[in-house]
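Chains, contacts and geometry: an overview
For reference, the chains in residue letters:
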Amino acid sequence: MKNLMKLSLVALLTAAAIPAMAGKTEPYTQSGTNAREMLQEQPIHWISVDQIKKELEGKGPINVSFDIDDTVLFTSSCFYYGQQKYSPGKQDYLKNQDFWNEVNAGCDKYSIPKQIAADLIKMHQERGDQIYFITGRTAGNVDGVTPILQKAFDIKNMHPVEFMGGRERTTKYNKTPGIIAHKVSIHYGDSDDDVLAAKEAGIRGIRLMRAANSTYQPMPTLGGYGEEVLINSSY
């Protein structure tokens, strides 16, 4: 009987010690996560190509516009090349007209068309919408961008690319005049300037995701202005 009582007491003491031992841990030395945090999602207004198509059902043709870099084409290879040639380690190449002359003359034949852009453009063309490309690039002495985009996305009624960089500004954001001039209803772009230009023009702006390995850093905050964000749009 005494032995049984001793065993019971040992069992009780051991059971009581387990939670105390489990709660005694070494402090973390690295940032980490847990299952609950990994399941958390930001309250972003996500949207899909099919949803946009459905929303436009029953409506007549409209004009839509697209940014180019990181929106319809993955162009980091051209910009990386330009930086290494004209201003290694610096952003000065973006103010060098020789760079713009070279990159706009045909470097985009090495750029990768994004699948999401192909899906969007196909959907809009099937509706009879007019497609415009409005870029923050500075125009070069030769426009090799327009024919490359026309071929890459099979544009039926191709309009010349609008190069807004370097122009005298009449609005806060440099793409706003192009959006207004072409009576655009929806503008697609990856940058904050795209979203804000659409807001300034009073139209619908939809953000596409920038690829994580883009040379255009830092990465923008998706949904940072309450805009819609296209799902699966980084590629």
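To start, this report covers the structure provided alongside it. (Residues numbered from 1 in each chain as written. Predicted model: local features only at pLDDT ≥ 70, side-chain atom pairs only at ≥ 80, totals over all residues. Heavy atoms only, no water.)

We now examine the nonpolar core. Among the nonpolar cores identified, the biggest contains 29 residues, and Leu120, Phe133 and Leu149 are the most heavily contacted of them. Looking at this core, the elements with two or more residues in it are helix 3 (49-56), strand 2 (63-66), helix 6 (115-127), strand 5 (130-138), helix 7 (145-153) and strand 7 (186-189). The element best represented in this core is helix 6, accounting for five residues. Those residues in contact with leucine 149 that lie beyond four places of it in its chain are Ile68, Val72, Leu73, Phe133, Asp154, Ile155, Met158 and Val161. (Core = buried A, V, L, I, M, F, W, Y, C linked by side-chain atoms within 4.5 Å. Buried < 20%, exposed > 50% of the residue type's maximum accessible area, 1.4 Å probe, protein only. Helix = DSSP H or I, 4+ residues; strand = E, 2+ residues; numbered from the N terminus. Contact = heavy atoms within 4.5 Å.)

The next thing to look at is the pairing of strand 7. Burial of strand 7 is two-sided: the residues Ile186 and Tyr188 facing one way and the residues His187 and Gly189 facing the other way are all buried. For strand 2 and strand 7, the ladder comprises three bridges, and the chain directions are parallel. Within strand 7, the residue paired with phenylalanine 66 across the bridge is tyrosine 188. With four bridges joining them, strand 7 and strand 8 (residues 204-207) adopt parallel strand pairing. Following the sheet pairing, isoleucine 186 is matched in strand 8 by arginine 204. (Pairing = 2+ DSSP bridges.)

Tallying each qualifying case throughout the model produces 15 salt bridges. For arginine 207, the salt bridge identified is with aspartate 192, shortest N-O distance 2.9 Å. With arginine 207 in strand 8 and aspartate 192 in helix 9 (residues 192-201), this residue pair connects regions lying 15 residues apart in the sequence. Classification of arginine 207 as buried rests on a relative accessible area of 0%. On the basis of relative accessibility, which here comes to 27%, the residue aspartate 192 falls in the partly exposed class. Here arginine 207 ties to glutamate 227 by a salt bridge, and the two come within 2.6 Å at their closest N and O atoms. In this pair, arginine 207 sits in strand 8 while glutamate 227 sits in the loop between strand 8 and strand 9 (228-230), placing the two residues 20 residues apart along the sequence. Each member of the pair arginine 207 and glutamate 227 is classed as buried. When salt bridges that share partners are traced, they join Glu55, Arg204 and Glu228 into one network. (Salt bridge = Lys/Arg side-chain N within 4 Å of Asp/Glu carboxyl O.)

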